[in-house]
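Commentary on secondary and tertiary structure
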Amino acid sequence: SDLIDFIQLSLSDNSKACFGAFFGMGLMVKNLASRSELSGSNPSKVWRRRTIQRLLGIFMTEFDACLSESNSTVRELVDCLKMGESSDDLLCMCEEIDLSILVGVDQKFKSILIGLAHTFFALSAINVKLMKCVACTLIKLPWGSGKGFIMHNAYK
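Residues numbered from 1 in each chain as written. Predicted model: local features only at pLDDT ≥ 70, side-chain atom pairs only at ≥ 80, totals over all residues. Heavy atoms only, no water.

1. A short note on the nonpolar core
- The biggest cluster of nonpolar side chains holds 49 residues, and the ones touching the most others in it are Phe 63 and Leu 138.
- Discounting residues that sit within four places of it in the chain, Leu 138 has contacts with Phe 63, Leu 113, Leu 116, Phe 120, Lys 147, Ile 150 and Met 151. (Core = buried A, V, L, I, M, F, W, Y, C linked by side-chain atoms within 4.5 Å. Buried < 20%, exposed > 50% of the residue type's maximum accessible area, 1.4 Å probe, protein only. Contact = heavy atoms within 4.5 Å.)

Following this line, the structure appears as structure tokens:
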């Protein structure tokens, strides 16, 4: 959709916090998932599921952009989120991940986490294994990164 393209374009600058964009994306995901079940071949369900998967991919792509080094496991997680399916060894890879945050992106990173906190219900409806992978990745964040903003929703 044009709106999502516009939001994604606005997120490309790491120097911006973009709180409104991330918060809005999180609420979009939450609202798309709350209407009804996401499984099935009904065109409306397929569109909502694909839109959610796209938004989740944007969240985690921006998450990766805020890391001190781009992470191959996070990039694989992004690919899996976009497809809505987990690879067999992704959870093990997420358990072994070592993450650190770029200096100067604290506000943007916390904005990502706050927005992402609203997506766990939708993520579990799409693929529980992927939800576990995202939660495991978030657990691996260093203290002080803002993971406290999101962990309560990861364990609901």
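The rest of the description comes next.
2. Concerning the side chain of Lys 108
- With respect to the helices and strands, the residue Lys 108 is situated in helix α6 (residues 106-116).
- The exposure class assigned to Lys 108 is buried, which follows from its relative accessible area of 1%. (Helix = DSSP H or I, 4+ residues; strand = E, 2+ residues; numbered from the N terminus.)

3. As for a nonpolar patch on the surface
- A cluster of nonpolar side chains, Phe 19, Phe 23 and Leu 27, forms an exposed patch at the surface whose accessible area comes to about 230 Å².
- Along the polypeptide, Leu 27 turns up in helix α2 (residues 19-34).
- Note on Leu 27: relative accessible area 31%, which makes it partly exposed. (Patch = residues over 30% accessible without salt bridge, like charges linked within 9 Å, V, L, I, M, F, W, Y side chains within 5 Å. Areas by Shrake-Rupley, 256 points an atom, 1.4 Å probe, with all protein chains shown as cover. Salt bridge = Lys/Arg side-chain N within 4 Å of Asp/Glu carboxyl O.)

4. Regarding the environment of Leu 77
- Mapped onto the fold, Leu 77 is located in helix α4 (residues 72-83).
- Take Leu 77: its relative accessible area is 0%, and that puts it in the buried class.
- Each C-alpha atom of the pair Leu 77 and Arg 48 lies 20 Å from the other, and the pair is 29 residues apart in sequence.
- Residues contacting Leu 77, with those up to four places away along its chain left out, are Met 60, Leu 90, Leu 130, Cys 133, Val 134 and Thr 137.

5. Digging into the pattern of salt bridges
- This structure, assessed with the given rule, holds two salt bridges.
- Two residues, Glu 62 and Lys 108, come together in a salt bridge whose shortest N-O distance is 2.8 Å. One end of the pair, Glu 62, is in helix α3 (residues 43-65); the other, Lys 108, is in helix α6, and 46 residues separate them in sequence. Taken individually, Glu 62 and Lys 108 each receive the classification buried, so the pair is uniform in this respect.

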